[in-house]
Amino acid sequence: MKWIIILYVLLVLSSCQNKPEGYVIKGELKGAPENEWVFLTDVDQDVFYDSVQLKKGYFEFRGNVANPELRCITCFKDPSQRIYGWDKILMVPIYVENSEIQFTLPFSDMPTKLDRELPENLSIAGSHAHDLYTRYKKQVTPFVVKNDSLFKAYGSAYYYKKGTEEDVFRCVRGMDAVRDSIFNIGVDFIRKNVNSPVALYVARGLKVRAYDREKAREVVKLLPDEVKATPEGQKTMKALLDQPLYVGDVLPDFEVLNTDLDTVKLSGLIEKGHYTLVELWASWCGPCRSDIPHLKETYQRYHEKGFDIISVSIDDDMEAWLKAVKDEKMAWTQVCGAKGESFNKECMRRFGVRGVPSCVLVDKEGKVISTNARGGWLSEKLADLCRE
């Protein structure tokens with residue numbers, strides 16, 4: 001009996017020794033300046049998990065994660081200004097799990113936060129989750145690069161008038177096609193890797209707002225119940241299912257102030273049987289003011305064909321808002337969000353956006369047909385909807 005107990009204890013000890021107690025990231029940044037600081041951060045550089053100074057190009061991070069997490073090996077060109085300029089942040093995403101992970105890259109090849117593609121000579125080994133993440137990134141990166149190219153061409157044709165309207169439409173359709181391709185790649189990846197934490201990362205990044213709620217539910221159905229029950233699974237479910245506004249939704253209603261500062265309902269301003277653009281903007285927002293000439297052209301071109309605009313300001317300063325309305329001489333309905341302040345106004349929350357300008361286009365029955373109806377996207381959509 002004594003020998004059985006001893007054998008059991010030895011087996012338990014052996015099992016504990018073989019089980020990883022946490023992660024160890026052993027890294028080499030060849031050619032890096034001596035004593036250069038290296039940080040282990042989250043992907044937004046808001047959370048700093050660890051830091052160390054390089055010794056002959058080598059660094060090591062140790063810790064523990066409950067589940068594999070996407071983090072970043074990060075350096076700063078100017079350590080005193082960590083939050084200014086993505087071109088000054090050097091970073092490599094890395095999926096950290098409780099294992100020994102090897103990281104190798106010449107310091108001179110560290111990409112900035114602006115770079116879309118990672119260096120070919122980057123080597124990260126020892127993390128199964130990172131291998132899956134790399135596989136996914138290799139699939140979507142060519143489309144991301146293509147989207148950047150299309151957006152550059154769009155900017156040239158639309159903002160600088162170095163192209164025709166059809167050039168603008170071609171770019172817009174191309175970017176929409178890229179968005180659809182990335183979405184489909186993501187769904188296929190989730191379907192094939194439903195038990196991986198990387199699948200949850202991919203799911204949270206899907207642009208479900210551009211589609212309808214049913215599409216979001218279809219993605220959720222791919223995930224096993226035990227995965228959805230985890231904290232990360234719950235976060236993913238919320239990101240997919242709890243967006244305030246999707247294509248196909250009825251436009252949310254809320255109180256606004258008209259130019260007489262009377263409280264009215266947004267729903268009472270929308271004329272049935274018309275396509276209506278509801279634009280969130282502010283008098284102090286440069287891009288919002290820059291969009292006004294295009295909105296004037298679009299309104300003049302399509303208003304007689306059944307198109308309206310309602311501009312909802314998020315200004316807190318009523319005098320500044322009313323002055324901007326007077327100065328800009330916009331012919332359509334002007335109102336201001338009645339509840340909340342600035343970016344926390346009710347209209348922002350109900351539209352599920354964090355910045356302005358943000359534009360939603362609704363159909364003749366008041367249902368959302370586009371959650372991205374700015375600039376060329378609006379013109380392309382109306383050219384199709386308002387054909388004679």
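This write-up is about the structure you can find in this document. Each chain carries its own residue numbering, running from 1 in the direction its sequence is written. Residues qualify for local features only when their pLDDT is at least 70, as the model is predicted, and side-chain atom pairs are given and counted only at 80 or more; totals for whole chains, interfaces and linings, by contrast, use all residues. Just so you know, side-chain values use all the structure's heavy atoms and leave hydrogens and water out.

**Examining the overall build of the protein chain**
Within the protein chain, the secondary structure is distributed over eleven helices and 15 strands. Taken over the C-alpha atoms alone, the protein chain extends approximately 90 × 55 × 40 Å along its principal axes. About 21000 Å² of surface is accessible on the protein chain, with carbon and sulfur atoms providing 51% of the total. Seen as two clouds, the 54 positive and the 57 negative side-chain charges of the protein chain have centres 3 Å apart. Counting from the N terminus, the helices are DSSP H or I runs at least four residues long and the strands are E runs at least two residues long. We get accessible surface area from the Shrake-Rupley algorithm with a probe of 1.4 Å; when it comes to residues, only the shown protein chains can shield them. Within this scheme the basic residues Lys and Arg register as positive and the acidic residues Asp and Glu register as negative, but His and the chain ends are omitted. In this description, the location of a charge corresponds to atom NZ of lysine, CZ of arginine, CG of aspartate or CD of glutamate.

**Here we look at the pairing of strand 3 (residues 48–53)**
Pairing between strands is defined by DSSP: at least two bridges between the two strands are required. Across five bridges, strand 2 (residues 37–41) lies against strand 3 in antiparallel orientation. Within the sheet, the bridge partner assigned to Phe 39 lies in strand 3 and is Ser 51. Between strand 2 and the antiparallel strand that follows it, strand 3, lie six residues; Gln 45 among them carries a positive phi value of about 60°.

**With respect to the sheet that holds strand 4 (residues 58–63)**
The strand order across the open sheet formed by four strands is 4-1-7-8, and the pairing between neighbours is mixed. The sheet is open, and its two borders are formed by strand 4 and strand 8 (123–125), each paired with just one other strand. Taking each pair of neighbouring strands and ignoring which way they run, the sheet shows an average axis angle of 10°. Where strand 7 (residues 100–106) meets strand 8, three bridges bridge the pair, whose relative direction is antiparallel. If you follow Phe 103 over to strand 8, its bridge partner there is Ile 124. Lines fitted to the C-alpha atoms define the axes, with helices restricted to the stretch that makes contact. Angles between their N-to-C directions range from 0 to 180 degrees.

**So, the pattern of salt bridges**
Here, a salt bridge means any side-chain nitrogen of Lys or Arg that lies within 4 Å of a carboxyl oxygen of Asp or Glu. Scanning all chains against the criterion turns up 25 salt bridges. A salt bridge links Glu 69 to Arg 71; the nearest nitrogen and oxygen atoms lie 2.9 Å apart. Summary of the burial criterion: residues with accessible area below 20% of their type's maximum are buried, those above 50% are exposed, and those between are partly exposed, where the area comes from a 1.4 Å probe applied to protein chains only. A relative accessible area of 30% places Glu 69 in the partly exposed class. For Arg 71, a relative accessible area of 5% puts it in the buried group. One salt bridge connects Arg 170 with Asp 167, and the closest N-O pair in it is separated by 2.7 Å. You can see Arg 170 and its partner Asp 167 sitting in helix 3 (residues 165–192), three residues apart, about one turn around the helix. Put simply, Glu 166, Arg 173 and Glu 380 are held in one network by salt bridges that share partners.

**Let's talk about the side chain of Glu 346**
Note that Glu 346 resides in helix 10 (residues 346–351). According to the relative accessible area criterion, Glu 346 is buried, its value standing at 14%. Whether two residues are in contact is decided by their heavy atoms, any of which lying within 4.5 Å being enough. Not counting residues within four places of it along the chain, the set of residues in contact with Glu 346 comprises Phe 254, Glu 255 and Lys 339.

**A look at the pairing of strand 14 (residues 358–362)**
Extensive coverage of strand 14 is indicated by the burial of five of its five residues. Of the two faces of strand 14, the one carrying Ser 358, Val 360 and Val 362 and the one carrying Cys 359 and Leu 361 are both buried. Where strand 11 (residues 275–281) and strand 14 come together, five bridges link them in antiparallel fashion. Among the inter-strand pairings, Leu 280 is bridged to a residue of strand 14, identified as Ser 358. Across two bridges, the pairing between strand 14 and strand 15 (residues 368–370) is antiparallel. By the bridge assignment, Leu 361 is partnered in strand 15 with Ser 370. Here strand 14 folds back onto strand 15, and the loop between the two strands holds five residues, one of which, Gly 366, carries a positive phi near 85°.

**Digging into the state of the cysteines**
The disulfide criterion used throughout: a pair of cysteine sulfur atoms within 2.5 Å. Counted under the stated rule, the structure contains one disulfide. Paired through a disulfide, Cys 285 and Cys 288 show a sulfur-sulfur distance of 2.5 Å. Taking the sign of the torsion about the S-S bond as the criterion, the disulfide between Cys 285 and Cys 288, at about 75°, is right-handed. Summarising the burial analysis for this pair, Cys 285 and Cys 288 share the class buried. Between Cys 347, a cysteine without a disulfide, and Cys 336, which holds the nearest cysteine sulfur, the sulfur-to-sulfur distance is 7.6 Å. A relative accessible area of 2% places Cys 347 in the buried class. Cys 359 forms no disulfide, and the closest cysteine sulfur to it belongs to Cys 288, at a distance of 8.2 Å.

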